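# Structural overview for review
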Amino acid sequence: MKIAILSRNPKLYSTRRLVEAGEELGHEIQVIDPLRCYMTIASQRPTIHYKGEELKDFDAIIPRIGASVTFYGTAVVRQFEMMNVYSVNESVAISRSRDKLRSMQLLARKGIGMPVTGFAHSTKYTNDLIDMVGGAPLVIKLLEGTQGIGVVLAETNKAAESVIEAFRGLRENILVQEFIKEAGGADIRCFIIGDKVVAAMKRQGKEGEFRSNLHRGGSATIVRLTPEERSTAIRAARIMGLSVAGVDLLRSNHGPVIMEVNSSPGLEGIELATEKDVAAQIIQFIEKQAKPGKTKTRGKG
Ligand code: ADP
Ligand code: MG
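Residues numbered from 1 in each chain as written. Chains lettered and ligands numbered in written order. Predicted model: local features only at pLDDT ≥ 70, side-chain atom pairs only at ≥ 80, totals over all residues. Heavy atoms only, no water.

### Some words on the sheet that holds strand E3 (residues 37-40)
Hydrogen bonds between backbone groups are what pair the strands of a sheet, and the pairing can be parallel or antiparallel. One open sheet accounts for three strands, arranged E3-E4-E5; its pairing is antiparallel. Both edges of this open sheet fall to E3 and strand E5 (53-54), since each of them pairs with a single strand only. Where strand E4 (residues 47-50) meets E5, two bridges bridge the pair, whose relative direction is antiparallel. Within E5, the residue paired with Tyr-50 across the bridge is Glu-53. (Pairing = 2+ DSSP bridges. Helix = DSSP H or I, 4+ residues; strand = E, 2+ residues; numbered from the N terminus.)

### Thoughts on the site of ligand 1
The full set close to ligand 1 counts 20 residues, and Lys-141, Gly-148, Glu-178, Ile-180 and Glu-260 are the nearest of them. Note that an oxygen atom of ligand 1 is positioned 2.6 Å from one of the backbone N or O atoms of Gly-148. With respect to ligand 1, the backbone of Ile-180 contributes an N or O atom lying 2.9 Å from a nitrogen atom. When ligand 1 is considered free in solution it has 540 Å² of accessible area, and contact with the protein chains removes 97% of it. For the shell around ligand 1, the secondary structure elements donating two or more residues are strand E9 (138-142), strand E11 (174-178) and strand E16 (255-262). Taken together, the residues of the shell around ligand 1 sort by class into seven nonpolar, seven polar and six charged. Of the domains in this structure, domain 2 (117-179) and domain 3 (182-287) are the two that each give at least three residues to the shell around ligand 1. (Near = heavy atom within 4 Å. Polar contact = N/O pair within 3.5 Å; in protein donor to acceptor, adjacent residues only side chain to side chain. Areas by Shrake-Rupley, 256 points an atom, 1.4 Å probe, with all protein chains shown as cover. Nonpolar A, V, L, I, M, F, W, Y, C, P; charged D, E, K, R; others polar. Domains from an automatic or database assignment.)

### A word on the pairing of E9
By the criterion of burial, E9 is predominantly enclosed, with five of the five residues buried. Residues of E9 alternate between two faces, with Leu-138, Ile-140 and Leu-142 on one and Val-139 and Lys-141 on the opposite face, all of them buried. Note that E9 and E11 share five bridges and pair antiparallel. Following the sheet pairing, Val-139 is matched in E11 by Gln-177. (Buried < 20%, exposed > 50% of the residue type's maximum accessible area, 1.4 Å probe, protein only.)

### Considerations on the environment of Ala-166
Mapped onto the secondary structure, Ala-166 falls in helix H6 (residues 157-169). Remark: the alpha-carbon pair of Ala-166 and Thr-123, spanning 43 residues in sequence, is separated by 9.9 Å.

### Remarks on the sheet that holds strand E13 (residues 196-204)
The five strands are arranged E14-E13-E12-E15-E16 in an open sheet whose pairing can be described as antiparallel. Here the strands that pair on one side only, and so sit at the sheet edges, are strand E14 (219-222) and E16. Taking each pair of neighbouring strands and ignoring which way they run, the sheet shows an average axis angle of 30°. The pairing of strand E12 (residues 186-193) with strand E15 (residues 244-252) spans six bridges and is classified as antiparallel. When the sheet's bridge partners are listed, Ile-193 is paired in E15 with Val-244. (Axes fitted to C-alpha atoms, helices over the stretch in contact; angles between N-to-C directions.)

### So, the domain arrangement of the protein
Quite often, the size of an interface is put as the accessible area lost when its parts meet. The domains assigned to the protein are domain 1 (2-96), domain 2 (117-179) and domain 3 (182-287). Distance from the C-alpha centre of domain 1 to the C-alpha centre of domain 3: 24 Å. The interface is formed by 20 residues belonging to domain 1 together with 23 residues belonging to domain 3. Across the domain 1/domain 3 interface, buried area totals approximately 1,800 Å², and carbon plus sulfur atoms make up 60% of it. The largest per-residue losses of area from domain 1 upon contact with domain 3 belong to Tyr-13, Arg-64 and Asn-89, which jointly make up 28% of the total buried on that side. Where domain 1 touches domain 3, the interface holds two salt bridges. Between Arg-17 and Asp-277 there is a salt bridge whose closest N-O contact spans 2.6 Å. Taken together, the connections running from domain 1 to domain 3 amount to 13 residue pairs in polar contact (both at pLDDT 80 or more). By residue number, the principal contributor to the side of domain 1 that touches domain 3 is helix H1 (residues 13-24), which donates six residues. Tallied by class, the residues present in the side of domain 1 that touches domain 3 amount to 13 nonpolar, four polar and three charged. (Contact = heavy atoms within 4.5 Å. Buried area = accessible area lost by both parts, 1.4 Å probe. Salt bridge = Lys/Arg side-chain N within 4 Å of Asp/Glu carboxyl O.)

Rendered as structure tokens:
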């Protein structure tokens, strides 16, 4: 098959591994920077050009769209969908997963457990918002944050109030969340392909840090999921409409609670922690799925 990986950087571990795994399995793989694609939007024959040439005859694409290029990146994915090319994650699902409030509302509606979460536009009733989520200690998050940046633990209501007002003063959108203390600074990343968890790791924040992000100095180890954790992760990915997803959950006193569902989960941490060939499993999934006409969102927003 001819497979395009939409990625800004061919040197990234995840991109390199997907190229390697795809070639090993006998496919033709091309890394394409989505920001360098340009397109004609036409009902008869939509096209994509890249570096002066038309992109043709692709059987599948693997979008690895970074959060900062979601808008243009998903437009490129959508264009491939218009051309009837199978995308392992569809553009609508990627856009959906990038909006934290939308994702949480969607998951909550389907009964997925999550920390009690509040959000507001105005700072006029911040005290009431803090009460609504059970008071301090509270976690306050920038909606646009990644890698643990912009995630703050407020130990008192007063601190929570100041942080919320400071963020809102900077015109940042935030959410306010019950602090799951019993998680002990750890979270669980479940790597989903299709309707299976193919690998899972526990990430533990460094001493004295409640954020488990590897970028913040956390460390990863292999973990055995409970059946409830497994089914929660699979359901969360399915509700989001993602075939490949990284579902992050916390172990709370009332079972697994979802924190986020990532549509371009990194391969490095999970492959190193679990010693599994996740890249090859993504390619093998595409081999089974990528049939013309499998593009569900074709013609839809
Ligand atoms: P980011 O998108 O920046 O990774 P997250 O929402 O994943 O932000 O939060 C970063 C880390 O902070 C999580 O991996 C988790 O370890 C910790 N954390 C986030 N929310 C909570 C919470 N409500 N209770 C306890 N720990 C949390
Ligand atoms: Mg995270």
